[in-house]
Amino acid sequence: MGCAISGLAAKAEFGERTTEDAAAVFPSEDQIQMIKESWKVIRDDIAKVGIIMFVRLFETHPECKDVFFLFRDVEDLERLRTSRELRAHGLRVMSFIEKSVARLDQLERLEALALELGKSHYHYNAPPKYYSYVGAEFICAVQPILKERWTAELEEAWKTMFQYLTGLMKQGYEEESNRQRHLALSPKERPDKRNTAL
């Protein structure tokens, strides 16, 4: 498909850093400005980007379709491109990206948004190993839209933002996973419940 980042090694780098490193990879002020400026152009094509992103995701990582029961057995890419359900999901993801860009100057709100999304993905049975792929496919999808505006520095800025967000989403997923395991324990097995009966 011609996107320089579409190799597996490039995609893996989105998820290599641990959650503890997330703060270290927060975009710089210059990167935030680049992201916001480029988003002004990208948002005119958000539905198109959302579809391209997910069709590419399913093309390069067919195992991701397992998370999306509606698309699990769809092999025809043209059917995916015209799917209303895929368009709707792509728009939801693009809405998350839009909110993230808007909150780059509001760290607490941005962190809460990404953590909550990670928690909800636990309930969708969407494991963290897939999160980093979306950022890579987003970058591939927006390059042709931004044309000559696309630079190595802008790519690095978007990568940095996605690394930060996926780190937080993974943290949210793990928090929810631990919470659900804790809830599944009987009251006697819960470490924080002391037997107060005399």
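Everything below is about the structure printed above this text.
Residue numbers here run from 1 along each chain, matching the order of that chain's written sequence. The predicted origin of the model limits local features to residues at a pLDDT of at least 70 and limits the giving and counting of side-chain atom pairs to 80 or more, whereas totals for whole chains, interfaces and linings rest on all residues. The basis for every side-chain value is the complete set of non-hydrogen atoms in the structure, without hydrogens or water.

Caption draft 1: Focus on helix α2 (residues 29-42). The helix count covers DSSP runs of H or I at least four residues long, the strand count covers runs of E at least two residues long, and both are numbered beginning at the N terminus. Helices are assigned an expected span. That span is 1.5 Å times one less than the residue count. Taking 1.5 Å of rise per residue, 14 residues should cover 20 Å, and α2 covers 20 Å from first to last C-alpha, within 8% of that figure. With a 1.4 Å probe rolled over the protein chains alone, any residue whose accessible area is under 20% of its type maximum counts as buried; one over 50% counts as exposed, and the rest are partly exposed. Restricting attention to buried positions, one finds in α2 the residues Q31, I32, I35, S38, W39, V41 and I42. In this structure, the buried side of α2 is in contact with α3 (46-60), α5 (84-102), α7 (131-146) and α8 (152-184). The contact criterion used throughout is that any non-hydrogen atoms of two residues lie within 4.5 Å.

Caption draft 2: Structural view of the pattern of salt bridges. Between Lys or Arg on one side and Asp or Glu on the other, a salt bridge is scored when a side-chain nitrogen of the former is within 4 Å of a carboxyl oxygen of the latter. Tallied over the full model, the rule gives 7 salt bridges. For E137, the salt bridge goes to R56, with nearest N and O atoms at 2.6 Å. Of this pair, E137 sits in helix α7 while R56 sits in helix α3, placing them 81 residues apart in sequence. Look at E137 and you get buried, because its relative accessible area is 0%. Residue classification places R56 among the buried positions, given a relative accessible area of 5%. Linking K119 and E175 is a salt bridge whose minimum nitrogen-to-oxygen distance equals 3.6 Å. In this pair, K119 is assigned in helix α6 (residues 107-123) and E175 in helix α8, connecting sequence segments 56 residues apart. What makes E175 partly exposed here is its relative accessible area of 33%.

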